[in-house]
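Each chain, written out:
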Amino acid sequence: MKKNKSVIINFFLHLHPKRISESSARFTYTFGLGGLVLFAFIITAVTGVLLVFKYSPSTDSANQSLQYIATVSEYGWYIRNLHYWAAQIMVVAALLHMVRIVLTGGYLRGRAFNWIIGIILLIFIILMDFTGYPLRWDVKSNYALITALNLINDIPVLGHFLCGLFFGGPDISENTLLHLYGWHIAGLPFFFFLFMVYHFYRIRKDGGISEYERGSIKKTVSGEALLKKEIVFILFALSGLIIISAVYTPELGLSAQNDFNESSVNSPWIVLWLQFLLRYLQPFSGGIVIPAIAILYWISLPLIDKNDQVQGVWFSRERIKFWLPFILSILIISMLSIAETLIK
Amino acid sequence: MPSAEKQTKKIPWGFLTGTLIFLLSTVLLFVEGQQKEWIRYQHQYNSQNNTHDNGPRVITITPTLTGKPEMCLTCHQGIEEVSPSHPVETFGCIACHGGNGETLDKDLAHKFMRGGSNPSKLSAADKSCGTGPDGVPCHNGFKDDWKNMVDRVRRSLQATDAGAVAAVQYTYNIPRPPDTKYGVKHVTDNDVRTFGFPDKLISIHEKIKSDELKGAAHPIEKKFEANCINSGCHLYSEAPHEKYFHRSEGCASCHIPRSKDGFYKGRDVTISKNEAGHMEFHRITTAIPYSTCNSCHNRGVYSLRQMEFIKRTDLKSDASDSDSAESFRKKVYYHPMTLYAKCELTLDCVDCHTHNEIMGNGDIFPDKKAAVETRCLDCHGTIDSEPAFEIIKSPDQPDAFITGQNPYIAPEEGDAVAVTKKGTLRPAVKKVNGKWQIVTKVNGNTYYIPTVKGSPCKQNADEQEALYCHTCHDTGKNSVGRNIKK
Amino acid sequence: MENINIKKEQSNTRRGFLKITAVAAAAGAIAAHLWIAVQYLLGSPSGKKQHEWKIGKPEDFDNGITFVSDANVFILRDGNKFKALSSKCTHLGCTLKKVQSDSSTTAGKKSVTEFHCPCHGSKFNAKGERIAGPGKKSLQYFHIALSQDGKELMVNNDMPVASEYFTLI
């Protein structure tokens, strides 16, 4: 290759292996979901940095500063929309990425550890999403915040400690907002970034992403060809994101002191299932035990499923007893969320 | 070379489509971005006032009363200051209107506005006109009853329609419990000062509803509810949107007059100028012109027989602004069958009719007779005596203060001013150098008042109903009326 | 063979053209987004800065020099003469401090009023003339007058006047 390439392209090229199995590089194998999460993270980071310039993390002016961003600042609405939609894409893509891994046995053949890292990343993504929501400081998000606060406060032994750690105390105050803000813009993204880099490093170390063929007899494509594919994919994803952001503006209510009789209170969609559970169960069991069981179950999947023979095949019949329960667990959560939406 | 090398020789369709879509979506974004509402309004305002160099800018004020910044004027840039006694730097918009000044999002900003676009609706007036941001009494909530304008108006005939309800019930002999009076809404008075006046009115709607449940609703009463109560003959509703009928609701009915055709004529670009049913200007006034009163009064016949309002058909279509004020009044406003004295064509209604009559004095008036106190002799006296008068002790005494809402007079200590038989002062009617004079509220003209004493009039001092005076003092052919301008 | 070569060349130029189009489109869209980010960061012009200040009734000022922080001026009162002197250092704009400085002259030791800048040590005398330090210009005098209702003094710190200007109360 004698072509002149810019440093940036070289950098991204460097992240890819020289050659990669053709079956793994196929778009219909991965659907680019992991890359989509990275892309969305970069967008949230860039727009997040921009938002920091105009957001004021104090209970008096948080909502007002957002109103300002949304209605007064030049293109503030657009930056905010991008930030919001990229964050939503991040959650959805991460979940789908996880589903893809389970359905194709991606955690097999020594990739169990990276699977666990992946679940940690998912938790971070959800936390980043959730800590971003109350920063609106409107009535609806305040309710979500109160719920979360009391939920965590109800954890035996550790509750108070965790509340202090995440919310700066058991009551909503100036501290709560500052803590949320700190975690949202610095604490969580920092650790997320570390884990993410490790996740990527681990993929290379584990011998690339999962694949069908074993051994050395395989068709391959070059890393450069893969990068080109990825660029096209990112262009499409970016266009989609821009269109959504240009057209749909996420809700922004009024601060609690102005909006005294908001009738319907919504959690962010990502925790609707939790809201549903909390309608019928005790906070501790509904809010802590059940999610913990689900997460432990997901983490333990590679421990139960050790069928190293089949990898890289979607919906393989040999592994149906492993992926079907997992899909069911995801479906149940989705159904709960839908049920919660329907109740309103 | 392996397959990868071949790929690079192909035309990069994917890349091309990707970049083009990227560009197109960016273009879409810019199209969307142009639609900010407040910028549109500012452009509109700037083009109407030739202030293009201002460019779109956010206008924030922090009224001293609330201390919270408001961006309302960004869109409502041209709105008139509501009155000199409510300066915008002090009151801002939120203190009266409610809503939210910290956003430029139209829906959010207008969420929880009091009374929609009219904070003086009687359902909202408690918070808007009545009290300030911290519950400080403004026009309600005082210990002194006379200061509680909102409560007074709510108990007044204009809001309760009690007289009309009673008349209907009486005429058709509709059964009702003894000693129970009805009005448009429930209203109570804990401090009845006039013997025999009711201490509460029951909502006529609820009476009819409970009658209906018993299967005993009177058809006439239901017709009355549908045709009269529900269609705007009181302060809880607007008048029909027709020429000369235009009137707002609540306090604004009188204090924010509408134009004859109901169009807004101010400079706020957000308010439609070709849609009837808006205030003429965003301006509160106590100098209420006769035309405002006449949006309800003299508009036709409130027929007891047909139980409906029959609009006048004799309104002169040839009336125009070039008519003299008097002939315009006669053509458009005044009933052709009624006799009018000169003063009724020259002065405005509020020059003679007192606040106690119009807005009530805090008691619940059962009917019109109970409310009216203005009589010809208040200003003109009788053949035996001059008008009754009182010496003002201090310009701050309650009565002097209220009726002093005439911008052209300043009551002073020692002034001899006329007083009604119920004791309401008329600071605008004053004896100066032995001559009685009146200063009108709307345009500040001063007129000398001819007194009966010393004139050729032979009217018995005991018979002073308006009817008797009008018999001679009609502005028709045989009028003996005079109009002496200072 | 030659034919094939021509075809190949044609397809090469076509490919090159499309590639340039694609790169240009991407560059345009990216530039637009950079422009958006810059517009966003520039911020909207804030409201007008206040220049006119009501600083209080004339009788509230003692004879001599009084600092008024709102308007950022020193009010110099001499009987019924009022002057407004900028309290902004002519160097980099720090707010000057009024100090009593001992200066020894031939007539002996005497305490004089001076304005000292806390930032880089510029010094001005009681008339606002520069004595020392990096500030090169003398201090500016501003317009001072009675307000319309005649009750309060008004200072306009956007309206420079000559050092001889004063208002008589």
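How each quantity is defined
- Residues numbered from 1 in each chain as written.
- Chains lettered and ligands numbered in written order.
- Predicted model: local features only at pLDDT ≥ 70, side-chain atom pairs only at ≥ 80, totals over all residues.
- Heavy atoms only, no water.
- Phe/Tyr/Trp six-rings, centres within 6.5 Å; stacked < 30°, edge-to-face > 60°.
- Helix = DSSP H or I, 4+ residues; strand = E, 2+ residues; numbered from the N terminus.
- Buried < 20%, exposed > 50% of the residue type's maximum accessible area, 1.4 Å probe, protein only.
- Disulfide = S-S within 2.5 Å.
- Contact = heavy atoms within 4.5 Å.
- Buried area = accessible area lost by both parts, 1.4 Å probe.
- Salt bridge = Lys/Arg side-chain N within 4 Å of Asp/Glu carboxyl O.
- Polar contact = N/O pair within 3.5 Å; in protein donor to acceptor, adjacent residues only side chain to side chain.
- Nonpolar A, V, L, I, M, F, W, Y, C, P; charged D, E, K, R; others polar.
- Pairing = 2+ DSSP bridges.

J.: Could you clarify how one ought to interpret the packing of aromatic side chains in this entry?
T.: Between two aromatic rings, the relevant description is the distance of the centres plus the angle of the planes. This structure, assessed with the given rule, holds 26 aromatic pairs over all chains. Seen from their ring centres, A:Tyr75 and C:Trp35 are 6.0 Å apart, and the 70 degrees between their planes marks the pair as edge-to-face. Of this pair, A:Tyr75 sits in the loop between helix H5 (62–71) and helix H6 (76–104) while C:Trp35 is found in helix H1 (residues 2–42), placing the two residues in two different chains. Judged by its relative accessible area of 6%, A:Tyr75 is buried. Through a chain of ring-to-ring contacts, the aromatic side chains of A:Tyr75, A:Trp77, A:Tyr78, B:Phe30 and C:Trp35 assemble into a single cluster.

J.: In this structure, what is going on with the state of the cysteines? I would like to understand it.
T.: As used in these notes, a disulfide is a covalent bond between sulfur atoms, one from each of two cysteines. The full count for this structure, using the stated rule, is one disulfide over all chains. The disulfide partner of C:Cys94 is C:Cys119, and the gap between their sulfur atoms is 1.9 Å. The disulfide joining C:Cys94 to C:Cys119 has a torsion of about -100 degrees about its S-S bond and is therefore left-handed. Residue C:Cys94 is found in the loop between strand S4 (81–86) and strand S5 (97–105), and its partner C:Cys119 is found in the loop between strand S6 (108–116) and strand S7 (123–125); the two are separated by 25 residues along the sequence. Sulfur of B:Cys138: no disulfide; nearest cysteine sulfur belongs to B:Cys96 and is 7.7 Å away. Looking at B:Cys379, it has no disulfide partner, and the nearest cysteine sulfur is the one in B:Cys352, 5.3 Å off.

J.: I would appreciate a short explanation of the interface of chain C and chain B in the present structure.
T.: Accessible area lost upon the coming together of the parts serves often as the stated size of an interface. With 16 residues of chain C at the contact, the number on the chain B side is 15 residues. Regarding the contact of chain C and chain B, the summed buried area is about 1400 Å², with carbon and sulfur atoms giving 83% of it. Counting the contacts that link chain C with chain B gives zero salt bridges. Counting across the interface, chain C meets chain B through one residue pair in polar contact (both at pLDDT 80 or more).

J.: Explain the interface of chain A and chain B to me, please; I cannot follow it from the model alone.
T.: Of the residues lining the interface, 35 residues belong to chain A; the matching set on chain B comes to 35 residues. At the boundary of chain A with chain B, total buried surface from both sides reaches about 2800 Å², with 67% on carbon and sulfur atoms. Scanning the region where chain A abuts chain B turns up zero salt bridges. Those elements giving two or more residues to the side of chain A that touches chain B turn out to be H5, H6, strand S2 (220–222) and helix H11 (223–247) of chain A. Looking at which element gives the most residues to the side of chain A that touches chain B, the answer is H11(A), with twelve residues. Partitioning the side of chain A that touches chain B into residue classes produces 18 nonpolar, twelve polar and five charged.

J.: In this structure, what is going on with the pattern of salt bridges? I would like to understand it.
T.: When the charged atoms of two side chains lie near each other, side chains of opposite charge can form a pair. All names here are of chain B. According to the stated counting rule, one finds 17 salt bridges over all chains in the structure shown. Note that Asp 415 is salt-bridged to Lys 430, the shortest N-O span being 3.5 Å. Placement of Asp 415 in the loop between helix H21 (398–403) and strand S7 (416–419) and of Lys 430 in strand S8 (residues 425–432) is noted, with a sequence separation of 15 residues between them. What you see here is one network of salt bridges that share partners, running through Lys 207, Asp 211, Lys 214 and Glu 221.

J.: Which parts of the structure should I look at to understand helix H15 (residues 325–333) of chain B?
T.: The periodicity of an α-helix, 3.6 residues per turn, causes residues three or four positions apart to be oriented the same way. For H15(B), the full list of buried residues reads B:Phe328, B:Arg329, B:Lys331, B:Val332 and B:Tyr333. Residues of H15(B) that are buried make contact with helix H14 (290–293) and helix H16 (342–346) of chain B.

J.: Is there a simple way to think about the pairing of strand S4 (residues 300–303) of chain B in this case?
T.: Taken residue by residue, a regular strand's side chains alternate between the two faces of the sheet. All names here are of chain B. Bridging between S4 and strand S5 (residues 308–311) involves four bridges; their strand directions are antiparallel. Residue pairing in the sheet places Ser 303 in a bridge with Glu 308 of S5. Linking S4 back to S5 in an antiparallel pair, the connection comprises four residues, with Met 307 at a positive phi of about 55 degrees.

Shape descriptors only; they carry no functional weight alone.
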